[in-house]
There are 2 protein chains.
Amino acid sequence: MRPYDERLEHLLARAATVFAERGYHPTTMRDLAAASGMSLAGMYYYVRGKAELLALIQERCFMRVLAGAEQALRAATDPVERLQLFIRHHVTFFAANLAEMKVLSHEANSLAGERQRKVNAIKRRYVDLLEGLLRDVAPDESRADRSAAAYALFGMMNWIYNWYDPAGEIDPDRLAGLIARIFIGGFAEARSTVQGG
Amino acid sequence: MRPYDERLEHLLARAATVFAERGYHPTTMRDLAAASGMSLAGMYYYVRGKAELLALIQERCFMRVLAGAEQALRAATDPVERLQLFIRHHVTFFAANLAEMKVLSHEANSLAGERQRKVNAIKRRYVDLLEGLLRDVAPDESRADRSAAAYALFGMMNWIYNWYDPAGEIDPDRLAGLIARIFIGGFAEARSTVQGG
DNA sequence: CATGAGTTCGAACGCTTGTTCGAATTCCGA
DNA sequence: TCGGAATTCGAACAAGCGTTCGAACTCATG
């Protein structure tokens, strides 16, 4: 990896943690300079500005979740099992990338124009993926209910950044299992035998 | 109601909708002046500053949810029924007060110092209330799992502001029923076989 | 009409913000 | 060792921010 790319990566990673801690808007470019070890002006050699920093963080992270989910789903064909895999992947990825995922969840409306549109396009694909899984799991359910259920599930999973403590007594796998149990038990109920994995 | 109180109420209501639409930090006092019909300086006759505006919105709204929940719970003694009442109240209140509740959920960390502490104290009471209900519903569950489940439920319910459209085809009551079904079906019932306890 | 408390607001202040720019420095192949 | 490209950064800028202040206005009451 070229030194240039390494430094950009470093900047993005530091920026993600600062955005996560302090929020995108209150964070100043001077904060990011201090956190990344660069000078204020130096960052502009790597990035067009503050908004591009946020956009890059969100796009890259979201693409990784999407790709990771698609790959995880290849491990099964049974609908309930696939839904379980989706949940497990999302939750463990969230826990393993807390800063980026918090920025993705909490700053979903902090971008504007073309940048916002680009991230929303990835989000659309990701939501569609889940809604497809729900269709296979609960085909009798109305479209509106399935859609609402999808957002309810995202709510359970994305709310994590508000309370989850990685150093606490509940590990990501267990949390994923709990959420999967709640959702599948309550929504996909009595359609297939469920087992934690 | 005295004209003074009426105007303060008006200011708080308008501020809540602007904070909800644009976010607390990007919103300027000039935005709030325009939205409330007051002059920039005029608002300072009613409020100490921007932070106090947010604090008042959050405190008042949170106290109303808490009181409303406590009252709603008086209608039943059966644990599962009480949990259902809690969920129904939270969701319908959320839908009926979208702006304030979005500000409460999304700007939970936008206050500092004493103001933050004051709101967090109400939140503590509200979370305790739900955890108590979960204790009655699932006494075998570990404390950590119950706590995580409580936050999962809050996630489903509070995430609403990210997607719920009051003009859409799903009404608040139906949404409350769906969320209650998911959570109660997955957490409170089917206590028997599933691993992870 | 005169009074004074209650209320409004134009104008300004001091500060912080994101961004820019050109000079200085570092890097590296020849 | 040299020279040009890549990289760094101190310093400054214009714009926008929250807040303040005192003068002006409103209006019920004497």
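Everything here concerns the structure above.
Position numbers for residues count from 1 along each chain, tracking the sequence in the order it is written. Numbering of ligands from 1 and lettering of chains from A proceed in the order in which they are written. For this predicted model, a pLDDT threshold of at least 70 governs which residues receive local features, and a threshold of 80 or more governs which side-chain atom pairs are given and counted, while totals over whole chains, interfaces and linings are taken from all residues.

Q: Summarise the overall build of chain A; cite the residues concerned and give the values.
A: Looking only at helices and strands, chain A has 8 helices and 0 strands in total. Each helix (α) and strand (β) of chain A, taken in turn from the N terminus, gives the series α-α-α-α-α-α-α-α. Principal-axis analysis of the C-alpha atoms gives chain A an extent of 60 × 40 × 30 Å. Every C-beta atom is placed from the backbone, and the number of other C-beta atoms within 10 Å of a residue's own sets its class: buried at 20 or more, exposed at 12 or fewer, partly exposed in between. When burial is assessed residue by residue, chain A has 38% of its 197 residues classed as buried. What counts as a helix is a DSSP run of H or I of at least four residues, what counts as a strand is a run of E of at least two, and both are numbered from the N terminus.

Q: Account for the protein's contact with DNA strand D, naming residues and giving values.
A: Being near a molecule or strand means, for a residue, that its C-beta atom, positioned from the backbone, comes within 6 Å of it. For DNA strand D, the set of nearby residues contains 18 residues, the closest of which are Ser39 and Ala41 of chain A together with Thr28, Ala41 and Gly49 of chain B. Put simply, the parts of the chain that give the surface near DNA strand D at least two residues each are helix H1 (3-22) of chain A together with helix H2 (29-36) and helix H3 (50-73) of chain B. Among the elements that line the surface near DNA strand D, the one with the most residues is H1 of chain A, at 3 residues. Split by residue class, the surface near DNA strand D holds 11 nonpolar, 4 polar and 3 charged. Polar here means any residue other than Ala, Val, Leu, Ile, Met, Phe, Trp, Tyr, Cys and Pro, which are nonpolar, and Asp, Glu, Lys and Arg, which are charged; Gly is therefore polar.

Q: Explain the relation of the copies chain B and chain A residue by residue, including any values.
A: One copy of the chain maps onto the other through a rotation about an axis plus a displacement along that axis. If you rotate chain B by 180° and push it 0.0 Å along the axis, it lands on chain A with an RMSD of 0.1 Å. Put plainly, the chains are arranged around a two-fold axis. By the convention adopted here, residues make contact when the C-beta atoms placed from their backbones lie within 7 Å. When the interface residues of chain B are mapped onto chain A, 90% of them again lie at the interface, so the same face is used by both copies. For this overlay, a least-squares fit was computed on C-alpha atoms, restricted to residues scoring pLDDT of at least 70 in both copies.

Q: Kindly report on helix H8 (residues 172-188) of chain B, identifying the contributing residues and their values.
A: By definition here, a helix of n residues has an expected span of 1.5 Å times n minus one. With 17 residues, H8 of chain B should reach 24 Å at 1.5 Å per residue; the first-to-last C-alpha distance of 22 Å fits that figure. Lining the buried residues of H8 of chain B we find helix H7 (143-158) and helix H8 (172-187) of chain A together with helix H4 (79-96), helix H6 (113-137) and helix H7 (143-158) of chain B.

Q: Got a sec to walk through the protein's contact with DNA strand C? Specific residues and values, please.
A: Of all residues adjacent to DNA strand C, which total 18 residues, the nearest are Thr28, Ala41 and Gly49 of chain A together with Ser39 and Ala41 of chain B. At the level of secondary structure, the elements contributing two or more residues to the surface near DNA strand C comprise helix H2 (29-36) and helix H3 (50-73) of chain A together with helix H1 (3-22) of chain B. Partitioned by chemical class, the residues of the surface near DNA strand C number 11 nonpolar, 4 polar and 3 charged.

Q: Which residues make up the environment of Ala75 of chain B, and what are the values?
A: Here Ala75 of chain B shows up in the loop between H3 and H4. For Ala75 of chain B and Leu85 of chain B, which are 10 residues apart along the polypeptide, the C-alpha to C-alpha distance reads 8.2 Å.

Q: Describe the nonpolar core, with residues and values.
A: For the purposes of this analysis, a nonpolar core is taken to be any set of buried Ala, Val, Leu, Ile, Met, Phe, Trp, Tyr and Cys residues that are connected through C-beta atoms within 7 Å. Among the nonpolar cores identified, the biggest contains 110 residues, and Ala152, Ile179 and Phe183 of chain A together with Ala152, Ile179 and Phe183 of chain B are the most heavily contacted of them. When residues no more than four places from it in sequence are discounted, the contact partners of Ile179 of chain B are Ala152 of chain A together with Ile87, Val91, Met156 and Met157 of chain B.

Q: Describe the interface of chain B and chain A, naming the residues involved and giving the relevant values.
A: Every contact between the two is made by 31 residues of chain B and, on the other side, 31 residues of chain A. Looking at the side of chain B that touches chain A, the elements with two or more residues in it are H7 and H8 of chain B. Split into classes, the residues belonging to the side of chain B that touches chain A amount to 20 nonpolar, 8 polar and 3 charged.

Q: Account for the packing of H8 of chain A against H7 of chain B, naming residues and giving values.
A: Each pair of packed helices can be summarised by the angle the axes make with each other and by the distance between the axes. Axis definition: a line fitted to C-alpha atoms, over the contacting stretch in the case of helices. Angles run 0 to 180 degrees between N-to-C directions. Packing of H8 of chain A against H7 of chain B leaves a shortest axis separation of 10 Å and a crossing angle of 60°. Classified by the angle between their axes, H8 of chain A and H7 of chain B sit oblique to one another. In the packing of H8 of chain A onto H7 of chain B, the handedness of the crossing is right-handed. Between H8 of chain A, through Leu175, Leu178, Ile179 and Ile182 of chain A, and H7 of chain B, the contact on the second element is made entirely by Asp145, Ala148, Ala149 and Ala152 of chain B. The residue inventory of the contact of H8 of chain A with H7 of chain B, partitioned by class, reads 7 nonpolar, no polar and 1 charged. Each angle receives one of four descriptions, namely roughly parallel if under 35 degrees, roughly antiparallel if over 145, roughly perpendicular if within 65 to 115, and oblique otherwise. Left-handed describes a crossing whose near helix is turned anticlockwise from the far helix by less than a right angle; the clockwise case is right-handed.

Q: Outline the packing of H1 of chain A against H3 of chain A, listing residues and values.
A: All names here are of chain A. Viewed as axis vectors pointing N to C, H1 and H3 meet at an angle of 95°, and their least axial separation amounts to 10 Å. Relative to H3, the element H1 lies roughly perpendicular. Contacts between H1 and H3 involve Leu12, Ala15, Ala16 and Phe19 from the former and Leu53, Leu54, Leu56 and Ile57 from the latter. Classifying every residue of the contact of H1 with H3 by side-chain character gives 8 nonpolar, no polar and no charged.

Q: Explain the environment of Leu111 of chain A residue by residue, including any values.
A: Residue and element names in this part refer to chain A. With respect to the helices and strands, Leu111 occurs in the loop between helix H5 (98-106) and helix H6 (113-137). In the structure, Leu111 is positioned 56 residues away from Ala55 in sequence and 7.2 Å away in space, judged by C-alpha atoms. Not counting residues within four places of it along the chain, the set of residues in contact with Leu111 comprises Ala51, Leu54, Ala55, Gln116 and Val119.

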